[in-house]
Amino acid sequence: MEPDPHSHPHPDHDSPRLVHGRHESDEERADRRWTDILQEVRVTQTGVQILFGFLLTVVFTPRFATLSATDKSIYVVTVLLGAATTGALIGPVTFHRFVTGRHIKPEMVIWASRLTIVGIVLLLATVTSAILLILRIAMNDDAVPWIVAGLVAWFALCWFVLPAWARHHYGTRK
């Protein structure tokens with residue numbers, strides 16, 4: 001009976017070496033990774049577009065004029081972070097458009113991946129700044145920085161720590 005090539009035996013068991021991974025060319029791998037990046041960017045772009053669109057309207061509300069100088073500064077920083085996030089997350093698409101047909105897709109995927117990571121880090125900063133502003137106005141309380149810090153820790157855990165742990169814990173299976 002042939003071993004299941006998709007099974008992952010426990011590393012302590014004596015078993016025949018199983019083939020892991022995909023049998024794909026560099027071009028096929030680049031195509032698959034590009035599709036993965038596009039799906040990831042779609043998810044993050046939706047959130048960024050909603051948040052950024054909302055932020056752009058705030059300045060036109062009557063309440064904006066009543067904000068303190070500090071809150072207005074936080075608002076400006078948040079809008080700039082939202083714009084930078086948008087740029088980083090749209091970057092992979094424009095990168096692809098500019099290099100299509102140049103036979104450098106594996107390299108393009110690496111750069112698109114880097115831009116996506118930058119976009120996610122900027123998204124964390126944008127969301128942090130937006131939450132800080134909203135809670136400062138809604139609560140006007142000394143607990144706001146602690147609440148924001150707790151949310152940042154939660155995002156960092158979900159977005160960076162758990163994936164890094166899984167990458168380290170499970171290693172690369174080839």
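The model shown is predicted, which means the values in this text are computed figures rather than measured ones.

Engineer: Account for the packing of aromatic side chains, with residues named and values stated.
Structural biologist: Counting across every chain of the model gives four aromatic pairs. Seen in terms of ring centroids, Trp159 and Phe160 are 6.5 Å apart; in terms of plane orientation they differ by 75 degrees. Their pairing is edge-to-face. The exposure class assigned to Phe160 is partly exposed, which follows from its relative accessible area of 29%. With centroids separated by 5.9 Å and ring planes inclined at 80 degrees, the aromatic side chains of Trp165 and Tyr170 adopt a geometry described as edge-to-face. A connected cluster of aromatic rings, assembled from ring pairs, spans Phe155, Trp159 and Phe160. In this arrangement the basic side chain of Arg114 is found over the ring face of Trp111, its NZ or CZ atom lying 4.8 Å from the centre.

Engineer: Now, about the packing of helix 2 (residues 69-99) against helix 3 (residues 105-139): what can you tell me, with residues and values included?
Structural biologist: Orientation of helix 2 relative to helix 3, taken along the N-to-C sense of each, is 165 degrees, at an axis distance of 8 Å. The angle between helix 2 and helix 3 falls in the class roughly antiparallel. Helix-helix and strand crossings are classified by hand; for helix 2 and helix 3 the assignment is left-handed. For the contact of helix 2 with helix 3, the class distribution of residues is 23 nonpolar, 10 polar and three charged.

Engineer: I'd like a rundown of the side chain of Glu24, residues and numbers included.
Structural biologist: Topologically, Glu24 is positioned in the segment before helix 1 (26-58). Side-chain polar atoms of Glu24 contact the side chain of Arg32, separated by 2.7 Å. What Glu24 contacts, discounting residues up to four positions off in sequence, is Arg29 and Arg32.

Engineer: Go over the pattern of salt bridges, please, and point to the residues and values.
Structural biologist: Opposite charge on two side chains lets them pair, provided their charged atoms get close. As enumerated under the stated definition, the model contains six salt bridges in all. One salt-bridge network, in which partners are shared between bridges, spans Glu24, Asp26, Arg29, Arg32 and Asp36.

Engineer: An account of the nonpolar core is requested, with residue identities and associated values reported.
Structural biologist: Counting residues in each nonpolar core, the largest one holds 17 residues, and the members touching the most others are Leu51, Leu55, Phe64, Tyr75, Val79 and Val127. For this core, the secondary structure elements donating two or more residues are helix 1, helix 2 and helix 3. Setting aside anything within four residues of it in sequence, one finds Leu55 in contact with Tyr75, Thr78 and Val79. By size, the runner-up hydrophobic cluster in this structure holds eight residues, among which are Trp34, Ile37, Val99 and Ala112.

Rules behind the numbers
- Residues numbered from 1 in each chain as written.
- Predicted model: local features only at pLDDT ≥ 70, side-chain atom pairs only at ≥ 80, totals over all residues.
- Heavy atoms only, no water.
- Phe/Tyr/Trp six-rings, centres within 6.5 Å; stacked < 30°, edge-to-face > 60°.
- Buried < 20%, exposed > 50% of the residue type's maximum accessible area, 1.4 Å probe, protein only.
- Lys NZ or Arg CZ within 6 Å of the ring centre and 35° of its normal.
- Axes fitted to C-alpha atoms, helices over the stretch in contact; angles between N-to-C directions.
- Helix = DSSP H or I, 4+ residues; strand = E, 2+ residues; numbered from the N terminus.
- Parallel < 35°, antiparallel > 145°, perpendicular 65-115°, else oblique.
- Left-handed = near helix turned anticlockwise from the far one by under 90°.
- Nonpolar A, V, L, I, M, F, W, Y, C, P; charged D, E, K, R; others polar.
- Polar contact = N/O pair within 3.5 Å; in protein donor to acceptor, adjacent residues only side chain to side chain.
- Contact = heavy atoms within 4.5 Å.
- Salt bridge = Lys/Arg side-chain N within 4 Å of Asp/Glu carboxyl O.
- Core = buried A, V, L, I, M, F, W, Y, C linked by side-chain atoms within 4.5 Å.

All we've got here are geometric facts, nothing functional implied.
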